[in-house]
Amino acid sequence: MSVPVLVLALSAACCLGFGFVLQQNAAQRAPLSDFLSLRLLADLMKVPRWLGGIALMVAGMALGAAALGQGELSLVEPLLATNLLFALALSRRQTRQPLGRQGWAGLLLLGGGVTAFIVAGQPQGGAATADPVRQWLIMGTMIGLALLLTARGRRSRLGSGPVLLALAAGLLYGVQDALTRVSGQRFSEGGLAGLLTGWQPYAVVALGVTGLVLVQSAFETASLRKSLPALTAAQPLAGIICGVGFLGDRLRTDAVALTWETGGLLAVVAGIVLLGLHPAMPHGTPAPAPAVRLQTQ
């Protein structure tokens, strides 16, 4: 693993983690009538804290795209999952909660799981599959599952809905990361003309906007402790599946390596859950649907 990829991916995770905390701080005050609507984004654009969170998120996505341009998706995605560590760091500063046993256990599981997966799998790049059926089957499965989760989450927006919406957004972001890498390759090979004549960059924008609405709706209706772990866990899993499935990423497949890779991913998910449920994470619930629009202070 090259140092530039490590620095870029961790910098992206830092920006994403900080950005998610700021976004949720603002989104939880949004009117519930904006749920799963583009009007939610229009209202949130009036809130400076949310705009700061979005700026950090955009910076994180740009740094993530730069990391994807130099490293395999199966390598970058687990590193991006560490955004929860940075979200917890900012939340701890706001709440002044000690890390405690739960925090240290989550940190060790997340960090150790990422390390185990990368060391055991040794992700390497390869030629992307030329079979479009395989590519569309994988992407279609991810997007279809996201649609099902969204439909279910819409019917239970104050129950399991936020978790389901965050899972759906994570799946879409994983596919978006895969298509971001493809778009970067098209730009490198054909310049701006080569990029704009393909469908991938437009799909990246569509997935990004859709994922943003899902994430903000999850943030609006539940605490960060409930929504962010699901988002953080789903994105790398979906990205790794896309990377290995149709982008040509290669992982070691002997029995010992597969055991460590599986254990590493399970440890990552367990660490995400522990950190996401840490008392330092904002856990206030949004107020009942207000009749007025958001205030800008």
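Predicted, not measured: the structure shown is a model, and the values here were computed from it.

K.L.:
Would you mind going over the pattern of salt bridges in detail, with residue names and values included?
P.N.:
Overall, the coordinates contain 3 salt bridges when judged by the stated rule. Residues Lys46 and Asp43 are paired through a salt bridge, measuring 3.7 Å at the closest nitrogen-oxygen approach. For Asp43, a relative accessible area of 4% corresponds to the buried category. Among the ionic pairs, Arg252 bridges to Asp254, the shortest N-O distance being 3.3 Å. Residue Arg252 is classed as partly exposed on the basis of its relative accessible area of 34%.

K.L.:
Now, about helix 11 (residues 255–276): what can you tell me, with residues and values included?
P.N.:
Between its terminal C-alpha atoms helix 11 stretches 31 Å, which fits the 32 Å expected from 22 residues at 1.5 Å a residue. Within the span of helix 11, buried status applies to Ala257, Glu261, Gly264, Ala267, Val268, Gly271, Ile272, Leu275 and Gly276. Seen end-on, helix 11 carries its buried residues on one side only, within an arc spanning 155°. Of the residues in helix 11, the exposed ones pointing more than 90 degrees away from the buried face are Ala255, Thr259 and Leu266. Its buried side turned inward, helix 11 meets helix 5 (83–95), helix 6 (100–121) and helix 10 (224–246).

K.L.:
Outline the environment of Gly276, supporting the account with residue identities and numerical values.
P.N.:
Tracing the backbone through its elements, the reader meets Gly276 in helix 11. Take Gly276: its relative accessible area is 0%, and that puts it in the buried class. Taking the C-alpha atoms as reference points, Gly276 and Thr221, separated by 55 residues in sequence, lie 16 Å from one another. Those residues in contact with Gly276 that lie beyond four places of it in its chain are Leu84, Arg225, Pro229 and Met281.

K.L.:
Any chance you could break down helix 3 (residues 48–70) for me, citing the residues and the numbers?
P.N.:
The terminal C-alpha atoms of helix 3, which comprises 23 residues, lie 33 Å apart, in line with the 33 Å expected from a rise of 1.5 Å per residue. Among all positions of helix 3, only Trp50, Gly53, Ile54, Met57, Gly60, Gly64, Ala67 and Leu68 are buried. On its buried side, helix 3 packs onto helix 1 (3–27), helix 2 (38–44), helix 4 (73–80), helix 8 (161–196) and helix 9 (200–221).

K.L.:
Can you lay out a nonpolar patch on the surface for me, pointing to particular residues and giving the numbers?
P.N.:
On the surface, Phe187, Leu192, Leu196 and Tyr202 cluster together to form a nonpolar patch covering roughly 430 Å² of accessible area. Within the element layout of this structure, Phe187 appears in helix 8. Note on Phe187: relative accessible area 45%, which makes it partly exposed.

Conventions adopted
Residues numbered from 1 in each chain as written. Predicted model: local features only at pLDDT ≥ 70, side-chain atom pairs only at ≥ 80, totals over all residues. Heavy atoms only, no water. Salt bridge = Lys/Arg side-chain N within 4 Å of Asp/Glu carboxyl O. Buried < 20%, exposed > 50% of the residue type's maximum accessible area, 1.4 Å probe, protein only. Helix = DSSP H or I, 4+ residues; strand = E, 2+ residues; numbered from the N terminus. Expected span 1.5 Å × (residues − 1). Arc of directions from axis to C-beta. Contact = heavy atoms within 4.5 Å. Patch = residues over 30% accessible without salt bridge, like charges linked within 9 Å, V, L, I, M, F, W, Y side chains within 5 Å. Areas by Shrake-Rupley, 256 points an atom, 1.4 Å probe, with all protein chains shown as cover.

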